[in-house]
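Letter by letter, the chains look like this.
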Amino acid sequence: MIDLHYVNELIAVRQEQHGGRRGAPKLEGRHRVGASLNRSCIVMLSALLQAHVEDVFKCAAKSKFLELDQNVEYFELYWKQMKNWGNPSDINIKNLFIKIGIPNVLDNLSWQRTNTADIKNRLDELNQIRNKISHGSKKITVNGNSFDLNLSKVIVLRNFTENFGKRFSDHVQWQMNKSI
């Protein structure tokens, strides 16, 4: 599970700030009111997702390679080689789990109205938005197209992250059991 308390708090502040009114928030200078909160939510969601994937990977690696579970120094050395795997895009997650013999870790991961392809696309979308924000872009694009980051889209990505967090660990365990 991913603890989304801080993201939920930011969303609540953002909702209170907007007041639930129809239409876009007012402009202050060249920026919409609340844009910084929307952007903060995305960066936080990406960081929480990255930490969750890392935790799942560490457990899976220790399960796969018992030496890692039995020797703290060996595990620290192993993790030092792995920890710079990148942000939680579908490709980076796949490449990380290849290292423990799970070549397509996201395959068959799904939930109601969200199939594997949707999950991969959503991970990629979140990663692209996060990268634009973290690297100082004023304009956000996804797949080269302009992307208007508003509160409703933040909530969609928050819900996606929650659903992913509920299922990913069990899915990895299933993938590992399948390969035995």
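Below you will find a few notes about this structure. (Residues numbered from 1 in each chain as written. Predicted model: local features only at pLDDT ≥ 70, side-chain atom pairs only at ≥ 80, totals over all residues. Heavy atoms only, no water.)

### Considerations on the overall build of the chain
Secondary structure summary: the chain contains 7 helices and 4 strands in total. Listed N to C, the secondary structure of the chain is α-β-β-α-α-α-α-α-β-β-α in terms of helices and strands. Expressed along its principal axes, the backbone C-alpha trace of the chain runs to roughly 55 × 35 × 30 Å. Here the chain holds 180 residues, and 40% of them are scored as buried. Within the chain, contacts between residues separated by at least 24 positions form 66% of all contacts whose residues are at least 6 apart in sequence. Per element, the accessible surface of the chain, about 10,600 Å² overall, is 47% carbon and sulfur. When the 26 basic and 18 acidic side-chain charges of the chain are each reduced to a single mean position, those positions are 9 Å apart. (Helix = DSSP H or I, 4+ residues; strand = E, 2+ residues; numbered from the N terminus. Buried < 20%, exposed > 50% of the residue type's maximum accessible area, 1.4 Å probe, protein only. Contact = heavy atoms within 4.5 Å. Areas by Shrake-Rupley, 256 points an atom, 1.4 Å probe, with all protein chains shown as cover. Lys, Arg positive; Asp, Glu negative; His and termini not counted. Charge placed at Lys NZ, Arg CZ, Asp CG, Glu CD.)

### Some thoughts on the side chain of Asn38
Note that Asn38 resides in helix α2 (residues 35–64). Classification of Asn38 by relative accessible area gives buried; the value is 3%. Looking at Asn38, its side chain comes within polar contact range of the main-chain oxygen of Leu149, at 3.5 Å. (Polar contact = N/O pair within 3.5 Å; in protein donor to acceptor, adjacent residues only side chain to side chain.)

### Digging into the packing of helix α6 (residues 116–134) against helix α7 (residues 151–178)
Interhelical geometry of α6 versus α7 gives an angle of 125° and a closest axis separation of 11 Å. In terms of orientation, α6 and α7 fall into the oblique class. At the point where α6 passes α7, the crossing takes the left-handed sense. Contact residues: α6 offers Ile119, Arg122, Leu123, Glu125, Leu126 and Ile129, while α7 offers Val156, Leu157, Phe160, Thr161 and Phe164. By residue class, the composition of the contact of α6 with α7 is 8 nonpolar, 1 polar and 2 charged. (Axes fitted to C-alpha atoms, helices over the stretch in contact; angles between N-to-C directions. Parallel < 35°, antiparallel > 145°, perpendicular 65-115°, else oblique. Left-handed = near helix turned anticlockwise from the far one by under 90°. Nonpolar A, V, L, I, M, F, W, Y, C, P; charged D, E, K, R; others polar.)

### Quick notes on helix α4 (residues 72–82)
Along α4, the residues classified as buried are Phe75, Tyr78, Trp79 and Met82. All buried residues of α4 project into a common sector of 95° when viewed along the axis, lining one side. Exposed residues pointing more than 90 degrees away from the buried face of α4 are listed as Glu73, Glu76, Lys80 and Gln81. The inward-facing, buried residues of α4 contact α2, α3 (66–70) and α5 (90–98). One side-chain oxygen at the N-terminal end of α4 lies 3.1 Å from the backbone nitrogen of Glu73; it belongs to Asn71. (Arc of directions from axis to C-beta.)

### Examining the packing of aromatic side chains
As enumerated under the stated definition, the model contains 8 aromatic pairs in all. Ring plane angle 5° and centroid distance 6.5 Å describe the contact between Phe57 and Tyr78, whose orientation is recorded as stacked. Separated by 21 residues along the polypeptide, Phe57 in helix α2 and Tyr78 in helix α4 bring together distant segments of the chain. By the ring-pair criterion, three or more aromatic residues cluster together here, those being Phe57, Phe65, Tyr78, Trp79, Phe97, Trp111, Phe160, Phe164 and Phe168. (Phe/Tyr/Trp six-rings, centres within 6.5 Å; stacked < 30°, edge-to-face > 60°.)

What is shown is where atoms sit, not what they do.
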